[in-house]
Amino acid sequence: MTIAPPERPRPSRGTAASTTSPSSSVQAARQAIADRLREIRVDAGLTAKALAAAAAWDRTKVSKIEHASRPPSADDIRRWCAVCQAEDQVPDLVASLRTVEGAYVEWRRLQRTGLRRLQESRVPLYERTRSFRVYCSQVVPGLFQTPAYAGALLSAITTFHGTPNDVEEAVAARMSRSHVVRDGAHRFAVLVEESVLRYQVGGPDTMAGQLHHLLDVMALPSVSLGVIPFDHGGRRMWTLEGFNVFDSVQVSVELLSAAVTVTTPGEVDLYVKAFTELSAMAVFGTAARTLITAAIDALD
């Protein structure tokens, strides 16, 4: 489906914020659907008021959909196109809507039955991915977590989001999917901010066990683990939200409220570029081990 430009220029709606947001591509896709629906209405010679009346909608609904402040449902799209006698546009528009709905999913929807199923749902993606690029600024990457650390973190998530408590099962599922670290032809390029080593998740004993586990994991030939030091001068990249790049074709970003999946090539390339810049600031090998060991010593 080709998305044509809008009928006339519209005022900016937070361009600067959307440019830096990891969900910017999702909002852009929503706006593209809204613009296409508006074109269909204009081509049909209908005003927004006339369309609303014909569809038996509140008169403000059309305006909200066209300004992307209210996403349409599949039924809304079908009704819209029926009124405008543009039923041939329905399949492409509904397909676009489904893509957008899958790209930005609130945690309350993903976690409505607990956390175990969410952990298990990612196994196919992890098993088919050959090259992982992982950046974490707040917590240890999930694939490298110990059971105790994962339990403390998932317990906090369960409490905060009010999710059904299946933490024990979720931890087991997370540990099970971590088999990709040692099995198969997978490569892991992992970057963590030094703060990740210092944030105590689950208390000193849990944190000490987790940091020792990082020392073990970074010795694996399939793993490259870098740490970006606190005292790195003149940072080339600011601290970002954590993200995972899968084979340079998909990026997963975890926000406080939702999971964002980025597949637009240009945006995927942007995350790959950011990872490259962050890598240039990290230390590896002995220097990274020294920072991890220092974090362990600070727990005593």
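Residues numbered from 1 in each chain as written. Predicted model: local features only at pLDDT ≥ 70, side-chain atom pairs only at ≥ 80, totals over all residues. Heavy atoms only, no water.

**Student:** Just give me the short version of the overall build of the chain, but keep the residues and values in it.
**Tutor:** Looking only at helices and strands, the chain features 15 helices and seven strands. By the burial criterion, 46% of the 300 residues in the chain qualify as buried. Sequence separation of 24 or more characterises 76% of the internal contacts of the chain that already satisfy a separation of 6 or more. Counting every atom, the chain has about 15,200 Å² of accessible surface; 54% of that belongs to carbon and sulfur. (Helix = DSSP H or I, 4+ residues; strand = E, 2+ residues; numbered from the N terminus. Buried < 20%, exposed > 50% of the residue type's maximum accessible area, 1.4 Å probe, protein only. Contact = heavy atoms within 4.5 Å. Areas by Shrake-Rupley, 256 points an atom, 1.4 Å probe, with all protein chains shown as cover.)

**Student:** Provide a residue-level description of the pairing of strand E7 (residues 258-262), including the pertinent values.
**Tutor:** Along any regular strand the residues' side chains alternate between the sheet's two faces. Within E7, four of the five residues are buried, leaving the element largely enclosed by the surrounding structure. Here strand E6 (residues 250-254) pairs with E7 via four bridges, running antiparallel. Bridging across to E7, Glu 254 finds its partner in Ala 259. Taking the residues between adjacent antiparallel strands as the criterion, E6 and E7 are bridged by three residues. (Pairing = 2+ DSSP bridges.)

**Student:** Give a description of the packing of helix H13 (residues 204-217) against helix H15 (residues 285-297) that names residues and reports values.
**Tutor:** The contact between H13 and H15 brings their axes to 9 Å, and the two run at 165°. Looking at the two axes, H13 sits roughly antiparallel to H15. In terms of crossing hand, the pair formed by H13 and H15 is left-handed. When H13 is examined against H15, the residues Leu 211, His 212, Leu 214 and Leu 215 are found in contact with a partner set consisting of Arg 289, Ile 292, Thr 293, Ala 295 and Ile 296. Residue composition of the contact of H13 with H15, by class: six nonpolar, two polar and one charged. (Axes fitted to C-alpha atoms, helices over the stretch in contact; angles between N-to-C directions. Parallel < 35°, antiparallel > 145°, perpendicular 65-115°, else oblique. Left-handed = near helix turned anticlockwise from the far one by under 90°. Nonpolar A, V, L, I, M, F, W, Y, C, P; charged D, E, K, R; others polar.)

**Student:** Give me helix H10 (residues 147-161): which residues, what numbers.
**Tutor:** In a regular helix each residue adds 1.5 Å, so 15 residues correspond to 21 Å; H10 covers 21 Å between its end C-alpha atoms and thus fits that length. Taken residue by residue, H10 has Tyr 149, Ala 150, Gly 151, Leu 153, Leu 154 and Thr 158 as its buried positions. Packed against the buried residues of H10 are helix H8 (116-121), helix H11 (167-177) and H13. Following H10 by one or two positions, Gly 162 adopts a phi angle in the positive range, close to 65°. (Expected span 1.5 Å × (residues − 1).)

**Student:** Please set out the pairing of E6 residue by residue, giving values where relevant.
**Tutor:** With respect to burial, E6 is a largely interior element, four of its five residues being buried. Taken together, the four bridges between strand E5 (residues 243-246) and E6 define a ladder with antiparallel strand orientation. Counted as the bridge partner of Asn 244 is Ser 252 from E6. Remark: three residues form the turn of the hairpin made by E5 and E6, two consecutive strands paired antiparallel; Asp 247 in that turn has positive phi of roughly 50°.

**Student:** Tell me about the packing of aromatic side chains, and name the residues and values.
**Tutor:** Applying the stated criterion across every chain yields a total of eight aromatic pairs. Ring centres of Phe 132 and Phe 188 lie 4.6 Å apart, and the angle between their planes is 20°; this geometry places the pair in the stacked category. Of this pair, Phe 132 sits in strand E2 (residues 131-136) while Phe 188 is found in strand E3 (residues 187-193), placing the two residues 56 residues apart along the sequence. Each member of the pair, Phe 132 together with Phe 188, is buried. Measuring from centroid to centroid gives 5.0 Å for Phe 243 and Tyr 271, while their planes differ by 65°, and the two rings are edge-to-face. Of this pair, Phe 243 sits in strand E5 while Tyr 271 is found in helix H14 (residues 265-279), placing the two residues 28 residues apart along the sequence. We note that Phe 243, like Tyr 271, is buried. Members of the aromatic cluster, connected to one another through ring pairs, are Tyr 126, Phe 132, Phe 144, Phe 188 and Phe 246. (Phe/Tyr/Trp six-rings, centres within 6.5 Å; stacked < 30°, edge-to-face > 60°.)

**Student:** Can you lay out the pattern of salt bridges for me, pointing to particular residues and giving the numbers?
**Tutor:** As enumerated under the stated definition, the model contains nine salt bridges in all. One salt bridge in this structure joins Glu 39 and Arg 36, with 3.0 Å as the shortest N-O distance. With Glu 39 and Arg 36 both in helix H2 (residues 24-43), this residue pair falls three residues apart, about one helical turn. On the basis of relative accessibility, which here comes to 12%, the residue Glu 39 falls in the buried class. Classification of Arg 36 by relative accessible area gives buried; the value is 14%. Of the charged contacts, one joins Arg 122 and Glu 254 as a salt bridge, the two residues approaching to 3.2 Å between their closest N and O atoms. (Salt bridge = Lys/Arg side-chain N within 4 Å of Asp/Glu carboxyl O.)

**Student:** Outline the packing of helix H3 (residues 48-55) against helix H5 (residues 74-83), supporting the account with residue identities and numerical values.
**Tutor:** Between H3 and H5, the least distance of the axes is 10 Å, while the angle of their chain directions is 110°. When the interaxial angle is binned, H3 and H5 end up roughly perpendicular. As for the relative orientation of H3 and H5, their crossing is right-handed in sense. Where H3 abuts H5, its residues Leu 51, Ala 54 and Ala 55 lie against Arg 79, Trp 80 and Val 83. Taken together, the residues that form the contact of H3 with H5 break down as five nonpolar, no polar and one charged.

**Student:** I'd like a rundown of unusual backbone geometry, residues and numbers included.
**Tutor:** The backbone of Gln 85 sits at a positive phi, close to 55°, despite the residue not being glycine. Tracing the chain through its elements places Gln 85 in the loop between H5 and helix H6 (90-103). Even without being glycine, Ser 248 reaches a positive phi, approximately 60°. Within the secondary structure, Ser 248 is located in the loop between E5 and E6.

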